[in-house]
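# Summary of structural features
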Amino acid sequence: PFEVLVVGGGPAGASAAIYTARKGFSTGVAAERFGGQVQDTMGIENFISVPYTEGPKLAAALEAHVGEYDIDVMNLQRAEKLIPAREVGGYHEVVFANGASLKARSLVISTGARWRNLGVPGEAEYQTKGVAYCPHCDGPLFKGKRVAVIGGGNSGVEAAIDLANIVGHVTLIEFDSKLRADQVLVDKLKSMKNVVILTSAQTTEVEGDGEKVNALVYKDRETGQEHKIELEGVFVQIGLVPNTEWLKDSGLELTGRGEIVIDEKAATNLPGIFAAGDVTTVPYKQIIIAMGEGSKAALSAFDYLIRNEAP
Ligand code: FAD
């Protein structure tokens, strides 16, 4: 058994593991894929103090930094079930897909999230070649260009406002007959001169020249007619899904959208179980935030362990 088991090996998990190992606690990290979403990222320009890096490079750096410590890294391990300790200070158990299980007195859950995909032809093919999911990350790459934002909820409308200040032109595309974002955001978007809003519009394909995106096709759901928009970028904003399916029925409190509810110290509703990064209710999902949250969760785990002896 470990004193601290970190489940998830993205920026949040790597940071948590380093912090608890530095406190002298026996620490394990179990991850389905070490590096997490960072592995799927091309250019990263907002990891402060590093003007430019690339996902696989940052993932390798995370692994190297974790490797500096006596941390037991268990890659390619998918957690399937959490069995919380029955008493404060006791052992929590995590059961993995291969049937093995690990125990620890404190857990940091950092299983991250995934962007919901449109699932239309061209989307996967042109990912990082014009199809993007994070306006804070990739917006500046489209300076002066034409983009579409898919999704008229708060995140889509916020993204469109953000991008309209950077890019040449924004088309916001909403499937429903009206936008679902807060009125103050909708009003702001409508006041912007380089924005067109399309409702009842179903995106059916992302087109490109083999190298880069050059158009988007949508169907007008009222007339059934298809239209093509020429553009250079498509931002998909139809939801970020937390990887918490494995925590259902564990007693851990989740929001309606599946995020783990944490307080300002990264504590969950269960004693000794902390959570960090994109999997939680923390606002703004970014690498630098996930790392900060991971270290916070680790320090809270440290605090918990020194206050609660094993029963
Ligand atoms: P994740 O990175 O999602 O890591 C989750 C970890 O948990 C992984 O190791 C995963 O394999 C593991 N896991 C999941 N489920 C299980 C399970 N059941 N059992 C065991 N392990 C599990 N942010 C920026 O700041 N700048 C950028 O430029 C940027 N660009 C991005 C580009 C793309 C294409 C994407 C997808 C994201 C981008 N982001 C960017 C967002 C950033 O990657 C995330 O905010 C960050 O990775 C979150 O870290 P995390 O550790 O919370 O979760």
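Above this text sits the structure in question.
Below is a summary of the structure that appears in this document. (Residues numbered from 1 in each chain as written. Predicted model: local features only at pLDDT ≥ 70, side-chain atom pairs only at ≥ 80, totals over all residues.)

Now for the site of the ligand. Of all residues adjacent to the ligand, which total 40 residues, the nearest are Gly8, Gly10, Gly36, Gly112 and Gly277. For the shell around the ligand, the elements supplying multiple residues, two or more each, are helix 1 (11–22), strand 2 (27–31), strand 9 (113–115) and helix 6 (287–307). Residues belonging to the shell around the ligand are distributed by class as follows: 19 nonpolar, 15 polar and 6 charged. (Near = placed C-beta within 6 Å. Helix = DSSP H or I, 4+ residues; strand = E, 2+ residues; numbered from the N terminus. Nonpolar A, V, L, I, M, F, W, Y, C, P; charged D, E, K, R; others polar.)

Right, let's talk about the sheet that holds strand 13 (residues 195–198) for a bit. Hydrogen bonds between backbone groups are what pair the strands of a sheet, and the pairing can be parallel or antiparallel. Pairing within the open sheet is parallel, and its 5 strands lie in the order 10-17-11-12-13. Of all the strands in the sheet, the pair left with one neighbour each is strand 10 (131–132) and strand 13. The pairing of strand 11 (residues 146–150) with strand 17 (residues 233–236) spans 4 bridges and is classified as parallel. Residue pairing for strand 17: valine 147 is matched across the bridge by glycine 233. (Pairing = 2+ DSSP bridges.)

All right, on to the packing of helix 1 against helix 6 then. Taken N-terminus to C-terminus, the directions of helix 1 and helix 6 make an angle of 35 degrees; their axes are 7 Å apart at the nearest point. At the point where helix 1 passes helix 6, the crossing takes the right-handed sense. Along the contact surface, helix 1 presents Pro11, Ala12, Gly13, Ser15, Ala16, Tyr19 and Thr20, while helix 6 presents Ile287, Ala290, Met291, Glu293, Gly294, Ser295, Ala297, Ala298, Leu299, Ala301 and Phe302. (Axes fitted to C-alpha atoms, helices over the stretch in contact; angles between N-to-C directions. Left-handed = near helix turned anticlockwise from the far one by under 90°. Contact = placed C-beta atoms within 7 Å.)

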